[in-house]
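Structure assessment
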Amino acid sequence: MRKTIIAGNWKMNKTPSEAAELAAAIAQIQGAKCEVVICPPFVDLFYAKKAIEGSCVKLGAQNCHFKESGAFTGEISADMLIEAGCEYVIIGHSERRQYFAETDETVNLRTKAALAKGLKVIVCVGETREERENGITENVIDRQIRLGLKDLSKEEMANVVIAYEPVWAIGTGLTATNEQAEEVCKFIRGLIAKLFDADVAEETTIQYGGSMNAGNCAALLAMPNIDGGLIGGAALKPADFATIIAAGSAN
Ligand code: PGA
C-alpha cells in the first residue's frame, strides 16, 4: 500500500520565530493517519525541528545542491539538511525552474545527490498554461519524468515521491479539476511502470499540488491516483492544513 503524504511547501514565508509558532501549531494537529511533512525555508529548519519534536510531523527542505560542498554561493548540501533534521527535500519545483533556471538535468543531479545521502525526494513536475493549451501536457510530463528520474534504480524509487503541479494552478486559485489532476497522475504512474516496473509504479506516492485547499482537498485526494498533496498557501494556515490532513487520512 502506498503512503499518503501531505506536505506543506512554505516557500519564502516565515521568519524563524514565526516558523517555530506555525510548526508548533501543526504539531498539535491530532488524528493524522497519513505522513505529514513541513518544508520551511532553510534558516527556519532548526527552529521548526525543535517545535515538531515528539510529534509525527516530518521536516523537509525546499531544495538541495548536487555537490557535497564547495564554492556554490547561496546553495545548500544534503548533509547540511540531514544534520538540520530533514527527512525530505523538494526538488524541481516550478518556481525553481521558472525563476532560478533549474533544468531537467539539474533536477536529476539534485535528486540523485539527495537520494545518495538518504533523503526522501519530492520531485515536482507540471505543465504551463501555454503547454496545456497547446495539447502537449503529456509530452512535457514525459520529458520531465524521464530526465528527472534518469539512472535511478528501482530501490531508489522507494524514496521518491512525485508531485504533479500544473504551473497554471500554483498560487492562482485555479485548481485543476479532479479529472484533470487524476488524468495526469494516472499518466505518471503508467510512465513509472514503463521506466521501472509495475510494482514500483504501484508503490510510488503521487501528490497533486496547485491551489489545493480546505474546500477542494477531499475530492482531489479521493481520486485513485492522487496519493497526497503538496500545499503552498493553505499550508501556512493551521486550520486549513488540518482539514487537508484529515482528508488525506480518510483515504
Ligand atoms: P499553492 O502552491 O498551494 O499555493 O498553489 C503549491 C506549490 O507550489 O507547491
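Here, the structure is the one placed above.
Since we're looking at a predicted model, the values are computed, not measured.

This part covers the packing of aromatic side chains. One pass over the full model with this rule turns up two aromatic pairs. Plain terms: the ring middles of Y99 and F100 are 6.5 Å apart, the flat faces sit at 90 degrees to each other, and that makes the pair edge-to-face. By relative accessible area, Y99 is classed as exposed at 56%.

I38, I162, I188 and F241 are the most contacted members of the largest nonpolar core, which has 67 residues in total. The leading source of residues in this core is helix α9 (residues 178-195), at six residues. With sequence-adjacent residues up to four places away left out, I38 is seen in contact with G8, W10, A23, I26, A48, I52, V57, K58, L59, G60 and F241. In this structure, A7, Y88, C124 and A163 belong to the second largest nonpolar core, which totals 11 residues.

Turning our attention to the environment of T205. Mapped onto the elements, T205 comes out in the loop between α10 (198-203) and β7 (206-209). Distance in space between the C-alpha atoms of T205 and V123 is 11 Å, their sequence separation being 82 residues.

The next point concerns the sheet that holds strand β8 (residues 228-231). Strand order in the closed barrel formed by eight strands is β1-β2-β3-β4-β5-β6-β7-β8, with parallel pairing between adjacent strands. Strand-to-strand twist across the sheet, computed as the mean angle between neighbouring axes with direction ignored, equals 25 degrees. Strand direction decides the pairing type here: strand β1 (residues 5-9) and β8, joined by four bridges, are parallel. Of the residues in β8, the one forming a bridge with A7 is L230. Along the sheet, helix α2 (residues 45-52) makes contact with β2 (35-39) and β3 (58-61), crossing β3 at roughly 165 degrees. Here α9 sits on the sheet and contacts β5 (120-125), β6 (160-164) and β7; the angle it forms with β6, its principal contact strand, is near 145 degrees.

Thresholds, definitions, all that
- Residues numbered from 1 in each chain as written.
- Predicted model: local features only at pLDDT ≥ 70, side-chain atom pairs only at ≥ 80, totals over all residues.
- Heavy atoms only, no water.
- Phe/Tyr/Trp six-rings, centres within 6.5 Å; stacked < 30°, edge-to-face > 60°.
- Buried < 20%, exposed > 50% of the residue type's maximum accessible area, 1.4 Å probe, protein only.
- Core = buried A, V, L, I, M, F, W, Y, C linked by side-chain atoms within 4.5 Å.
- Helix = DSSP H or I, 4+ residues; strand = E, 2+ residues; numbered from the N terminus.
- Contact = heavy atoms within 4.5 Å.
- Pairing = 2+ DSSP bridges.
- Axes fitted to C-alpha atoms, helices over the stretch in contact; angles between N-to-C directions.

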